[in-house]
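# Close look at the chain arrangement
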Amino acid sequence: MTKLSVNINKIALIRNARGNNMPDILEIASSCERFGADGITVHPRPDERHIRYQDVIDLRPRITTEFNIEGYPSPRFIDLVLKVKPHQVTLVPDAPDALTSNAGWDTVSHAAFLSEVLEAFCAAGIRTSLFVETNTRIIEQAAKLGADRVELYTGPYAEAFVHHPETAARPFALAAEVAHKNGLSLNAGHDLNLHNLKAFHEQVPYVEEVSIGHALVCDALYMGLEATIKAYQNCLK
Ligand code: PXP
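A brief look at the structure comes next. (Residues numbered from 1 in each chain as written. Predicted model: local features only at pLDDT ≥ 70, side-chain atom pairs only at ≥ 80, totals over all residues. Heavy atoms only, no water.)

### What to know about the site of the ligand
In the vicinity of the ligand there are 14 residues, among which Ser101, Glu151, Asp191, Gly213 and His214 approach most closely. Note that a nitrogen atom of the ligand is positioned 2.6 Å from one of the side-chain N or O atoms of glutamate 151. Within the backbone of histidine 214, one N or O atom sits 2.9 Å away from an oxygen atom of the ligand. Relative to its unbound accessible surface of 400 Å², the ligand loses 94% to contact with the protein. (Near = heavy atom within 4 Å. Polar contact = N/O pair within 3.5 Å; in protein donor to acceptor, adjacent residues only side chain to side chain. Areas by Shrake-Rupley, 256 points an atom, 1.4 Å probe, with all protein chains shown as cover.)

Pasting the structure below:
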């Protein structure tokens with residue numbers, strides 16, 4: 001069973017546009033769970049333009065499924081994660097001003113930094129995941145650093161799927177085998193949507209969790225949140 005973790009950053013972006021509490025992030029997270037989400041993902045960025053650090057703290061006691069916090073491991077982010085103790089932390093190498101995550105870690109160049117950070121989360125009992133591309137050496141190194149999982153950056157899959165739907169998932173299926181062989185569990189995320197998710201799920205083995213935000217929130221504008229979450233879950237059956 002591949003789990004669906006709903007990234008609620010875009011909901012926070014709408015709330016922040018008006019400076020009040022509409023929509024209410026805590027209510028939305030609970031509704032996502034009630035409608036069938038297996039987890040909630042948040043990605044606090046340094047400028048707090050969508051999810052705020054305080055949201056992450058407030059969400060913790062509300063979440064009854066799995067809580068995944070993703071982001072760049074700055075000292076402030078590390079403190080937040082250690083305080084909140086989610087089920088999983090996903091480390092992403094995005095610059096403070098990045099519009100969205102658009103690359104995976106170079107686990108070789110950043111080995112010393114990553115192993116220190118991973119160790120701190122591991123000691124706190126928090127499952128760790130490193131956001132990576134499909135490169136074999138990078139994935140093997142993620143295992144050596146002690147990560148529990150890798151999250152495959154699926155942006156390139158989504159792009160390739162538009163023109164080459166039959167072959168787009170191939171590098172990801174190979175990367176999944178490498179991760180599995182090296183004892184890593186596997187997540188995937190970025191630019192997954194109702195058109196490309198089913199094929200990814202059918203062709204890429206061992207994926208424990210996908211985290212999806214942008215497309216899911218856009219689909220909810222047309223279909224409503226409940227029907228949308230059910231439609232995404234249908235792609236994962
Ligand atoms: N995984 C990571 C590491 C991300 O940074 C994001 C975007 O915040 C996602 C998954 C979800 O991507 P999308 O919003 O395109 O579904």
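Text resumes after the structure shown.
### Notes on the pairing of strand 6 (residues 149-153)
Within strand 6, five of the five residues are buried, leaving the element largely enclosed by the surrounding structure. Burial of strand 6 is two-sided: the residues Arg149, Glu151 and Tyr153 facing one way and the residues Val150 and Leu152 facing the other way are all buried. Alignment of strand 5 (residues 127-132) against strand 6, held across four bridges, turns out to be parallel. By the bridge assignment, phenylalanine 131 is partnered in strand 6 with glutamate 151. Since strand 5 and strand 6 lie parallel, the crossover through helix 6 (residues 136-145) that links them has a hand, and here it is right-handed. (Buried < 20%, exposed > 50% of the residue type's maximum accessible area, 1.4 Å probe, protein only. Helix = DSSP H or I, 4+ residues; strand = E, 2+ residues; numbered from the N terminus. Pairing = 2+ DSSP bridges. Right-handed = clockwise from strand over helix to strand, strands pointing away.)

### Considering the packing of aromatic side chains
Counted by the stated rule, this structure contains eight aromatic pairs. Here a set of aromatic residues connected by ring pairs shows up, and it is made of Tyr157, Phe161, Phe172 and Phe200. A cation sits over an aromatic face here: arginine 76 above tyrosine 53, 3.7 Å from the ring centre. (Phe/Tyr/Trp six-rings, centres within 6.5 Å; stacked < 30°, edge-to-face > 60°. Lys NZ or Arg CZ within 6 Å of the ring centre and 35° of its normal.)

### Details of the nonpolar core
Core analysis: the biggest nonpolar cluster contains 72 residues, and Leu4, Ile8, Cys32, Leu91, Leu130, Tyr157 and Val210 have the highest contact counts within it. Every residue in contact with cysteine 32, bar those within four places of it in the chain, is listed here: Val6, Ile8, Ala37, Ile40, Leu225 and Ile229. (Core = buried A, V, L, I, M, F, W, Y, C linked by side-chain atoms within 4.5 Å. Contact = heavy atoms within 4.5 Å.)

### Examining the sheet that holds strand 1 (residues 3-7)
Within the closed barrel, the eight strands sit side by side as 1-2-3-4-5-6-7-8. Their pairing is parallel. Recorded for the sheet is a direction-independent mean angle of 25 degrees between the axes of neighbouring strands. (Axes fitted to C-alpha atoms, helices over the stretch in contact; angles between N-to-C directions.)

### What about the state of the cysteines?
Taken as a whole and assessed by the stated rule, the structure comprises zero disulfides. Just so you know, cysteine 32 is unpaired, no disulfide at all, and the nearest cysteine sulfur is the one on cysteine 218, 14 Å from it. Judged by relative accessible area, which is 1%, cysteine 32 ranks as buried. (Disulfide = S-S within 2.5 Å.)

### Points about helix 8 (residues 170-181)
An ideal rise of 1.5 Å per residue puts 16 Å on twelve residues; helix 8 measures up with 17 Å between its terminal C-alpha atoms. Here helix 8 has its buried residues at Phe172, Ala173, Ala175, Ala176, Val178 and Ala179. Phi turns positive, to about 80 degrees, at glycine 183, one or two residues after helix 8. (Expected span 1.5 Å × (residues − 1).)

### Details of unusual backbone geometry
Backbone torsion omega between methionine 22 and proline 23 reads -5 degrees, so that peptide bond is classified as cis. Inspection of the secondary structure puts proline 23 in the loop between helix 1 (9-16) and helix 2 (25-34). A positive phi angle, close to 65 degrees, is found at aspartate 191, a residue other than glycine. With respect to the helices and strands, aspartate 191 occurs in the loop between strand 7 (185-189) and helix 9 (197-203). Residues other than glycine seldom take positive phi values, yet tyrosine 206 does so here, at roughly 70 degrees. Locating tyrosine 206 in the fold gives a position in the loop between helix 9 and strand 8 (207-212). Assessed through its relative accessible area of 37%, tyrosine 206 is described here as partly exposed.

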